[in-house]
Amino acid sequence: MTKASPPVSPLRHTTYAEQKLYDYLLYSVQTQTPEELLPQFQQFLLEGRDAPSDELKQALYEVLNSSGIDEDFKFILNRCCHILINRWQIHPQLQKAIPKLVDLFKSVPPPNISSSRFTRRLRQLVAEFIRTEQYLTLQRISRIIELGGKDFTWSNGDIAVGQLIRRYPYLYEHCLLSEDSSIEHQQTVRQVQSRIQRSFELELSKYVTYQVRLAQLARRTQSMKQARRMLQGVHNPTLLTEKELGTALKRFVGKPERGYSYRDLSRHFLRRSSEVVSYQEFKNELYGYLISSVDSKYGDLRFNKRLYQKLQTILPRYDDHRPNELLMMRTTSQLLNFLVVDSPQNPEHYVFVDMITNLGPTATVALLLKLVLMCGKAKPHLERRFSILFSHYEAQSKEGVPWLVKSLENLHIALSVHFGDADVSFLKQIM
């Protein structure tokens, strides 16, 4: 029997009884089909009946009676689920079992007074598990796997924002990993993330190549209508309109400021900032670097003043110090908190919504992109800010927050172009 991997949480140790449950699942997931294993999982670990053996029943009994189980059960059951998920997700023909596993929780009978104390206790803990962050994470993974074969533009009517999770791999590490995620589960999430990101980048590259060829052919034939008839169409891989996607690509791939790309501008800024002698001077340079992307009508109204004031409040005790990488990182992080959203506990995002309302999602994301191009180590922090917004609006209709969906789409394009492998170089031929 295969040995289980490291403890479920760095804050607690795996007991001997827990290990028996993990070993049982590790062995079973390798020797049984999902059709055989799913009923066992439901009956034994969710409903407390039909244990595979007396030894396993005793192990589960010991787990349920251990001290601290009210807090620890969510970690234990989450680990049990991920043992199966980690195995099934690497085999395409088995992936459809993952949503079925998550759906099992919907049909668990409530604690019944006629049941044994053991069964009531288990069902009570399972009912509490459904309200945890761990179960929410399982639901998100299920959505990603369930939609794995669907088109990137899949949007079945007015669905919830949470149903779009598959579209944004840059959110995965923040939305799919929890405090008890094992090393194996982290690897699973990164494998899925890489696979879906590559798929999107390929779709985006195909779309850009098609648009370039279409434009070139239209020039030769002097007829866009004729050109479209001559070329096989390629679908738009985003939820943006054709015009919105074209605007985003021109801004993120082209040279939107004084004939410079955002990559060029970040390099120029870093060269200049390397010569400044004080952190105060660095903040002043950073202010100029950022507002050059902001429409002057909006900036002059109030945004520029608020941004300047915010910069002055960041680490003022270091104003006379020479700037270094750590100061740059902390400055960027605090600016992202200010420009996007502060924290899950304080999800205020007035500035972000105000920017989108006045500048539009593409220009807003461009400003954020300039920050992370200037300080690459802040990219995970930006992704984390967007994951907070995603979680905040997860249950809402996507039609009710179009600004958020357009922002998520724009950020995916910007990150794919600047930090991914999307080949959009053809686009420069028609810019």
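Structure: above.
A.B. asks: What is the right way to look at the environment of Ser142 in this model?
C.D. replies: With respect to the helices and strands, Ser142 occurs in helix H7 (residues 133-146). C-alpha separation for the pair Ser142 and Val102, spaced 40 residues apart in sequence, amounts to 6.8 Å. Not counting the four nearest positions on each side in its chain, Ser142 is found in contact with Pro99 and Val102.

A.B. asks: Can you help me understand H7 in this one?
C.D. replies: Residues spaced three or four apart along an α-helix point in a common direction, a consequence of the helix completing one turn every 3.6 residues. For H7, with 14 residues, the first-to-last C-alpha span of 20 Å sits near the 20 Å given by 1.5 Å per residue. Among the 14 residues that make up H7, 10 are buried, leaving the element largely enclosed by the rest of the structure. Within H7, burial applies to Gln134, Tyr135, Thr137, Leu138, Arg140, Ile141, Ser142, Arg143, Ile144 and Ile145. The secondary structure elements touched by the buried residues of H7 are helix H4 (69-88), helix H5 (97-103), helix H6 (117-129), helix H8 (172-175), helix H9 (183-221) and helix H18 (379-392).

A.B. asks: Help me understand the pattern of salt bridges in this model?
C.D. replies: All chains considered together, the criterion is met by 20 salt bridges. With a shortest N-O distance of 2.8 Å, Asp70 and Arg121 are connected by a salt bridge. Taken together, the residues Asp70 in helix H4 and Arg121 in helix H6 connect sequence positions 51 residues apart. One salt bridge in this structure joins Glu409 and Arg167, with 2.7 Å as the shortest N-O distance.

A.B. asks: Sorry if this is basic, but what is going on with the packing of aromatic side chains here?
C.D. replies: Counted according to the given criterion, the structure contains 14 aromatic pairs. Centre to centre, the rings of Phe352 and Phe386 are 5.6 Å apart; their planes meet at 85 degrees, and the pair counts as edge-to-face. Of the two residues, Phe352 is situated in helix H16 (residues 350-359) and Phe386 in helix H18; the sequence distance between them amounts to 34 residues. Across this residue pair, the class does not change: Phe352 and Phe386 are buried. Of the aromatic side chains, those joined through ring pairs into one cluster are Phe269, Tyr279, Phe282 and Tyr289.

A.B. asks: What is the right way to read the packing of helix H13 (residues 279-291) against helix H14 (residues 296-313) from this model?
C.D. replies: Any two packed helices are characterised by the angle at which their axes cross and by the distance between the axes. It is at 10 Å that the axes of H13 and H14 come closest, and there the two elements cross at 155 degrees. As the angle between them shows, H13 and H14 are arranged roughly antiparallel. In this structure, H13 crosses over H14, and the sense of that crossing is right-handed. Seen from H13, the contacting residues are Gln280, Lys283, Asn284, Leu286, Tyr287, Leu290 and Ile291; seen from H14, they are Asn304, Leu307, Tyr308, Leu311 and Gln312. Residues belonging to the contact of H13 with H14 are distributed by class as follows: 7 nonpolar, 4 polar and 1 charged.

A.B. asks: Before we go on, may I ask you to explain the nonpolar core in this structure?
C.D. replies: The nonpolar side chains of soluble globular proteins are, as a tendency, buried together. Among the nonpolar cores identified, the biggest contains 130 residues, and Phe41, Leu286, Leu339 and Phe386 are the most heavily contacted of them. Counting residues in hydrophobic clusters, the runner-up holds 5 residues, among them Leu214, Leu217, Ala218 and Ala227.

A.B. asks: What exactly am I supposed to notice about the side chain of Ser343 here?
C.D. replies: As for its position among the elements, Ser343 is in the loop between helix H15 (325-339) and H16. Note on Ser343: relative accessible area 15%, which makes it buried. A polar side-chain atom of Ser343 sits 3.0 Å from the main-chain amide nitrogen of Asn346. Look past the residues within four positions of Ser343 in its chain and what remains in contact with it is Arg385 and Ile388.

Conventions used here
- Residue numbers here run from 1 along each chain, matching the order of that chain's written sequence.
- For a predicted model such as this one, the threshold for reporting local features is a pLDDT of at least 70, and the threshold for listing and counting side-chain atom pairs is 80 or more; totals across whole chains, interfaces and linings nevertheless cover every residue.
- Only hydrogens and water are set aside; all other atoms, that is, all heavy atoms of the structure, feed into the side-chain values.
- Here a strand is any run of E in DSSP of at least two residues, a helix any run of H or I of at least four, and the numbering for each starts at the N terminus.
- A contact between two residues is defined here by any heavy atoms of the two lying within 4.5 Å.
- Multiplying one less than the number of residues by 1.5 Å gives the expected span of a helix.
- We call a residue buried when its accessible area falls under 20% of the maximum for its residue type, exposed when it is over 50%, and partly exposed in between, using a 1.4 Å probe and counting protein chains only.
- Any carboxyl oxygen of Asp or Glu within 4 Å of a side-chain nitrogen of Lys or Arg constitutes a salt bridge here.
- Any pair of Phe, Tyr and Trp rings, taking the six-membered ring for Trp, is counted once the centres come within 6.5 Å. Such a pair is stacked with planes under 30 degrees apart, edge-to-face with planes over 60 apart, and tilted for the rest.
- Fitting a line to C-alpha atoms yields each axis, with helices limited to the stretch in contact; the angle taken between N-to-C directions then spans 0 to 180 degrees.
- Angle categories are assigned with fixed cut-offs, so that under 35 degrees is roughly parallel, over 145 is roughly antiparallel, 65 to 115 is roughly perpendicular, and the rest are oblique.
- Crossing handedness follows the turn of the near helix against the far one: under a right angle anticlockwise gives a left-handed crossing, and clockwise gives a right-handed one.
- Only Asp, Glu, Lys and Arg are considered charged in this grouping, and only Ala, Val, Leu, Ile, Met, Phe, Trp, Tyr, Cys and Pro are considered nonpolar; every other residue, Gly among them, is considered polar.
- We call a set of buried residues a nonpolar core when its members are Ala, Val, Leu, Ile, Met, Phe, Trp, Tyr or Cys and they connect through side-chain atoms within 4.5 Å of each other.
- Polar contact is the term for a pair of N or O atoms within 3.5 Å; when the atoms are in protein, one must be able to donate a hydrogen and the other to accept it, and sequence-neighboring residues count only if both atoms are side-chain atoms.

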